[in-house]
Amino acid sequence: DDDFWNGDDRTGEVKDKDKDKADRATNELVMDQRTRMILLKMISRGIVSEVHGAISTGKEANVYGAVLDPLDGTRPLHRAIKIYKTAILVFKDRERYITGEHRFKRGANKKNNREMVKQWAEKEFRNLKRLHAAGIPCPEPLELKSHVLVMEFLGNKRGYAYPRLRDATLSDEGTENPWRPVYIQLLGIMRRLFRVCNLVHADLSEYNILYDKNKLYIIDVSQSVEHEHPRALQFLRMDIKNVGDFFRRKGVDTLQDRAIFDFITA
Ligand code: ADP
Ligand code: MN
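Nothing here was measured: the structure is a model prediction, and the numbers come from that model.

Thresholds, definitions, all that
- Residues numbered from 1 in each chain as written.
- Chains lettered and ligands numbered in written order.
- Predicted model: local features only at pLDDT ≥ 70, side-chain atom pairs only at ≥ 80, totals over all residues.
- Helix = DSSP H or I, 4+ residues; strand = E, 2+ residues; numbered from the N terminus.
- Buried ≥ 20, exposed ≤ 12 C-beta atoms within 10 Å, placed from the backbone.
- Pairing = 2+ DSSP bridges.
- Axes fitted to C-alpha atoms, helices over the stretch in contact; angles between N-to-C directions.
- Contact = placed C-beta atoms within 7 Å.
- Near = placed C-beta within 6 Å.
- Nonpolar A, V, L, I, M, F, W, Y, C, P; charged D, E, K, R; others polar.
- Domains from an automatic or database assignment.
- Parallel < 35°, antiparallel > 145°, perpendicular 65-115°, else oblique.
- Left-handed = near helix turned anticlockwise from the far one by under 90°.

**Quick word on the overall build of the protein**
Item 1. Within the protein, the secondary structure is distributed over 6 helices and 9 strands.
Item 2. Looking at the protein as a whole, 31% of its 266 residues qualify as buried.

**A few points about the sheet that holds strand 2 (residues 61–68)**
Item 1. The sheet built from 5 strands is open, its strands ordered 1-2-3-5-4 with antiparallel pairing. The open sheet has two edge strands with one neighbour each: strand 1 (50–57) and strand 4 (141–145). Here the average twist between neighbouring strands, direction ignored, is 25 degrees.
Item 2. Strand contacts of helix 2 (residues 33–44): strand 1, strand 3 (77–84), strand 4 and strand 5 (148–152), with the helix running at about 40 degrees to strand 5, the strand carrying the most contacts.

**Topic: the site of ligand 1**
Item 1. Lining the immediate environment of ligand 1, one finds 19 residues, of which Ser-56, Gly-58, Ala-80, Pro-139 and Asp-220 sit closest.
Item 2. Contributing elements (two or more residues each) for the shell around ligand 1: strand 1, strand 2, strand 3 and strand 5.
Item 3. Of the residues that constitute the shell around ligand 1, the class distribution is 10 nonpolar, 4 polar and 5 charged.
Item 4. Looking at which domains feed residues into the shell around ligand 1, each of domain 1 (2–152) and domain 2 (165–265) gives three or more.

**A short note on the environment of Lys-82**
Item 1. Of note, Lys-82 is situated in strand 3.
Item 2. Judged by local crowding, Lys-82 falls into the buried class, with 28 C-beta atoms found within 10 Å.

**What about the domain arrangement of the protein?**
Item 1. What the domain assignment reports for the protein is domain 1 (2–152) and domain 2 (165–265).
Item 2. Taken together, the 15 residues of domain 1 in the interface contact 20 residues of domain 2.

**Structural notes on the packing of helix 4 (residues 179–195) against helix 6 (residues 257–265)**
Item 1. Running from N to C, helix 4 and helix 6 cross one another at 45 degrees; their axes reach a closest spacing of 8 Å. The angle between helix 4 and helix 6 places the two elements in the oblique class. When helix 4 is examined against helix 6, the residues Leu-187, Met-190, Arg-191 and Phe-194 are found in contact with a partner set consisting of Ile-260, Phe-263, Ile-264 and Thr-265.
Item 2. Across the contact of helix 4 with helix 6, the residue classes tally to 6 nonpolar, 1 polar and 1 charged.

**Concerning the pairing of strand 4**
Item 1. Bridge analysis of strand 4 against strand 5 gives 4 bridges, and the strand direction is antiparallel. Bridge pairing in strand 5 links Leu-144 to Leu-149.

**Brief notes about the pairing of strand 7 (residues 209–212)**
Item 1. Pairing between strand 7 and strand 8 (residues 215–218): 4 bridges, direction antiparallel. Bridge assignment links Ile-209 to a residue of strand 8, and that residue is Ile-218.
Item 2. In this structure, the hairpin formed by strand 7 and strand 8 is closed by a connection of 2 residues, where Lys-213 is found at a positive phi of approximately 45 degrees.

**Some details on the packing of helix 5 (residues 232–249) against helix 6**
Item 1. Packing of helix 5 against helix 6 brings their axes to within 10 Å, and their N-to-C directions diverge by 125 degrees. Compared by their axis directions, helix 5 and helix 6 come out oblique. Crossing hand, helix 5 versus helix 6: right-handed. Between helix 5, through Leu-236, Arg-237, Ile-240, Lys-241 and Gly-244, and helix 6, the contact on the second element is made entirely by Asp-257, Ile-260, Phe-261 and Ile-264.
Item 2. A class-by-class count of the residues in the contact of helix 5 with helix 6 yields 5 nonpolar, 1 polar and 3 charged.

**With respect to the environment of Gly-65**
Item 1. Checked against the element boundaries, Gly-65 lands in strand 2.
Item 2. Gly-65 sits in the buried class, given 21 other C-beta atoms within 10 Å.
Item 3. For the pair formed by Gly-65 and Gly-53, sequence separation is 12 residues and the distance between their alpha carbons is 6.1 Å.

**Some words on unusual backbone geometry**
Excluding glycine, a negative phi dihedral is what most residues carry, and trans is how most peptide bonds are arranged.
Item 1. A positive phi angle, close to 55 degrees, is found at Asn-198, a residue other than glycine.
Item 2. Its place among the elements puts Asn-198 in the loop between helix 4 and strand 6 (199–200).
Item 3. Judged by the 15 C-beta atoms lying within 10 Å of it, Asn-198 falls in the partly exposed class.
Item 4. In the Ramachandran plot, Asp-220 falls in the positive-phi region, its phi being about 60 degrees despite a non-glycine side chain.
Item 5. For Asp-220, the location among the structural elements is in the loop between strand 8 and strand 9 (225–226).
Item 6. The buried category is assigned to Asp-220, around which 25 C-beta atoms lie within 10 Å.

Printed below as a string of structure tokens:
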């Protein structure tokens, strides 16, 4: 009824204001002295040659394009650099993913926050290594220093990043829904992620999958959890639902969530 919606709107307004404020704060913090120093050292060590503009600016991290000019005169290589933000607000919904790992006494404490983002970056680095080792298409992790992660750039040779699955356009030749084989491909990836990597992505959706030429690439695995994590199966159900919802919107005749859960875990 009216009251319900009014109340909801008010909450939305407050949230938006807070969010704007947080975005400003984090954007100012992201290229702080430490970050610039880390990037400079990476440049002097020949890990990258140039850092370009942001591919993405998110709540928790920015992703930048970068180029490495090999000294042997071979063609420049594209890189992606994910730089985690150290502002406080963004950690609120992160805690539930942590388990059995060193916990920090939380509070408005810059040092603790820096330690925390370092952990997230490290987690993403390690998880990407696992995926890569298991042959799951993802950016190859290349270098980690504190909250700065250098990885393979997923995009074309001209430096354009592949679209997220959400923004992908599939050529529909033939009569079959072209999203169907992509859906099946993703189910296989989810199963492999669970059974070979022992991981649940825990933020899987059309936003954290890149698409190019009928192939899917999994990204953004800093919050992924071991399948022994007490909430792993809950996260898995959430992932299954998000994926199902997306492909249903694309008109795919999806399997039941329950059946997918069994397929992945059994
Ligand atoms: P966030 O925590 O901000 O969601 P993501 O890891 O999802 O961070 O990256 C944000 C966006 O940056 C992605 O949606 C994608 O468009 C782009 N991106 C991330 N990693 C790469 C990569 N290795 N190559 C190309 N683009 C990338
Ligand atoms: Mn993401």
